[in-house]
Amino acid sequence: MDEKKAAILGEIPRLRRYARSLLRDRDSADDLVQDCLERALVRLDNWQTGESPRRWLFTIMHHLFIDQMRKVNRRGEAAMLPLEAREAQAAPAEQVESIASREIIDALQAISPDRRAALVMVAIEGFSYAEAANILGVPAGTLMSRIARGRDELRGLLDDAARRRAIRIVEK
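An unreviewed UniProt entry lists the protein chain under the name RNA polymerase sigma-70 factor, ECF subfamily, with Mesorhizobium muleiense as the source organism. Regarding the protein chain, the relevant UniProt record gives this comment under Sequence similarities (unreviewed entry): "Belongs to the sigma-70 factor family. ECF subfamily."

In structure tokens form, the structure reads like this:
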């Protein structure tokens with residue numbers, strides 16, 4: 001039993017990364033991870049010893065995410081209150097890599113959740129197409145289509161961001 005719990009604990013960083021790619025809010029992502037871990041621990045007997053818990057946990061998390069999105073669609077999305085000026089002290093990025101990373105993350109958040117989930121599963125989490133399709137509960141062809149469309153959409157968004165950044169740069 002302790003081996004199973006240790007294996008699950010080892011997957012928390014990947015679960016957090018995936019949850020943050022699905023949701024735009026860090027707190028909501030952490031809540032999703034917690035819900036996933038709670039469900040996994042309650043249903044620990046469903047996981048077969050000897051297998052990595054990764055696919056099992058990602059499947060649980062994806063189903064929780066879908067359920068959460070359905071609730072939001074039925075009830076409406078919660079509005080975030082704006083921060084007061086003293087709470088929102090932002091510092092400009094000091095490195096070009098930081099700006100590029102932020103643009104990629106923003107572009108990834110701008111595409112549809114289905115495409116984002118497919119891209120994250122394959123490109124970031126390293127699942128095969130078959131594994132990702134199984135986790136997301138879609139045929140492999142649908143997954144490949146979502147990945148292709150997601151990449152095209154990302155490419156377009158990142159090209160636009162690069163053009164806007166190039167326009168803003170003024171050399172002295």
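1. A word on the overall build of the protein chain
On a plain count of helices and strands, the protein chain comes out with 8 helices and 0 strands. Starting at the N terminus and ending at the C terminus, the protein chain contains elements arranged as α-α-α-α-α-α-α-α. Evaluated residue by residue, the protein chain yields a buried proportion of 30% over its 172 residues. For the protein chain, restricting intrachain contacts to residue pairs at least 6 apart in sequence, the fraction spanning at least 24 positions comes to 67%.

2. Considering the layout of surface pockets
Size it by volume and the second largest pocket reaches roughly 340 Å³. The wall of the second largest pocket is formed by 13 residues, among which Arg17, Arg20, Ser21, Ile105 and Gln109 lie closest to the centre. Residue assignment for the lining of the second largest pocket shows that the elements contributing at least two residues are helix 2 (12-22) and helix 5 (96-110). Here the lining of the second largest pocket is built from residues that sort into 4 nonpolar, 2 polar and 7 charged. When residues of the lining of the second largest pocket are sorted by domain, at least three fall in each of domain 1 (1-77) and domain 2 (97-172).

3. A few points about helix 4 (residues 54-75)
Counted at 1.5 Å a residue, the expected span for helix 4 with its 22 residues is 32 Å, and the 31 Å between its end C-alpha atoms agrees. Of all the positions in helix 4, only Arg54, Trp56, Leu57, Phe58, Ile60, Met61, His62, Leu64 and Phe65 are classed as buried. Residues of helix 4 that are buried sit in contact with helix 1 (2-10), helix 2, helix 3 (26-42), helix 6 (113-124) and helix 7 (129-136).

4. So, the nonpolar core
If you look at the biggest cluster of nonpolar residues, it comprises 39 residues, and the most contacted ones within it are Leu15, Tyr18, Leu32, Met61, Met121, Leu136 and Leu143. Listing elements by their share of this core, those giving two or more residues are helix 2, helix 3, helix 4, helix 5, helix 6, helix 7 and helix 8 (140-168). It is helix 4 that contributes the most residues to this core, 7 residues altogether. The two domains that each donate at least three residues to this core are domain 1 (1-77) and domain 2 (97-172). Look past the residues within four positions of methionine 61 in its chain and what remains in contact with it is Leu15, Tyr18, Ala19, Leu32, Val33 and Cys36.

5. Side note on the pattern of salt bridges
Pairs can form between side chains of opposite charge once their charged atoms are near each other. Under the criterion given, the structure shown has 9 salt bridges. The residue aspartate 30 makes a salt bridge to arginine 16 at a minimum N-O spacing of 3.2 Å. In this pair, aspartate 30 is assigned in helix 3 and arginine 16 in helix 2, connecting sequence segments 14 residues apart. Linking aspartate 152 and arginine 155 is a salt bridge whose minimum nitrogen-to-oxygen distance equals 2.9 Å. One end of the pair is aspartate 152 and the other is arginine 155, both in helix 8 and 3 residues apart, which spans about a single turn. Classification of aspartate 152 by relative accessible area gives partly exposed; the value is 48%. Residue classification places arginine 155 among the partly exposed positions, given a relative accessible area of 47%. Salt bridges sharing partners connect three or more residues here, namely Arg16, Arg20 and Asp30.

6. A few points about the packing of helix 3 against helix 4
Pairs of packed helices are described in terms of their axes, by the angle between the two and the distance that separates them. One way to put it is that helix 3 packs onto helix 4 with a least axis distance of 9 Å and a crossing angle of 125°. Of the possible angle classes, the one that applies to helix 3 and helix 4 is oblique. Seen from above, helix 3 lies across helix 4 with right-handed handedness. In contact with Leu32, Val33, Asp35, Cys36, Arg39 and Ala40 of helix 3, helix 4 contributes Trp56, Leu57, Ile60, Met61, Leu64, Phe65 and Gln68. Grouping the constituent residues of the contact of helix 3 with helix 4 by class yields 10 nonpolar, 1 polar and 2 charged.

Criteria and cut-off values
- Residues numbered from 1 in each chain as written.
- Predicted model: local features only at pLDDT ≥ 70, side-chain atom pairs only at ≥ 80, totals over all residues.
- Heavy atoms only, no water.
- UniProt positions renumbered as here; feature names shortened; annotations may be inferred.
- Helix = DSSP H or I, 4+ residues; strand = E, 2+ residues; numbered from the N terminus.
- Buried < 20%, exposed > 50% of the residue type's maximum accessible area, 1.4 Å probe, protein only.
- Contact = heavy atoms within 4.5 Å.
- 1 Å grid on protein atoms, 1.4 Å probe; cavity = no way out; pocket = protein on both sides within 12 Å on 5 of 7 lines; lining within 4 Å.
- Points joined across faces, edges and corners; volume = space filled by probe spheres on them.
- Nonpolar A, V, L, I, M, F, W, Y, C, P; charged D, E, K, R; others polar.
- Domains from an automatic or database assignment.
- Expected span 1.5 Å × (residues − 1).
- Core = buried A, V, L, I, M, F, W, Y, C linked by side-chain atoms within 4.5 Å.
- Salt bridge = Lys/Arg side-chain N within 4 Å of Asp/Glu carboxyl O.
- Axes fitted to C-alpha atoms, helices over the stretch in contact; angles between N-to-C directions.
- Parallel < 35°, antiparallel > 145°, perpendicular 65-115°, else oblique.
- Left-handed = near helix turned anticlockwise from the far one by under 90°.

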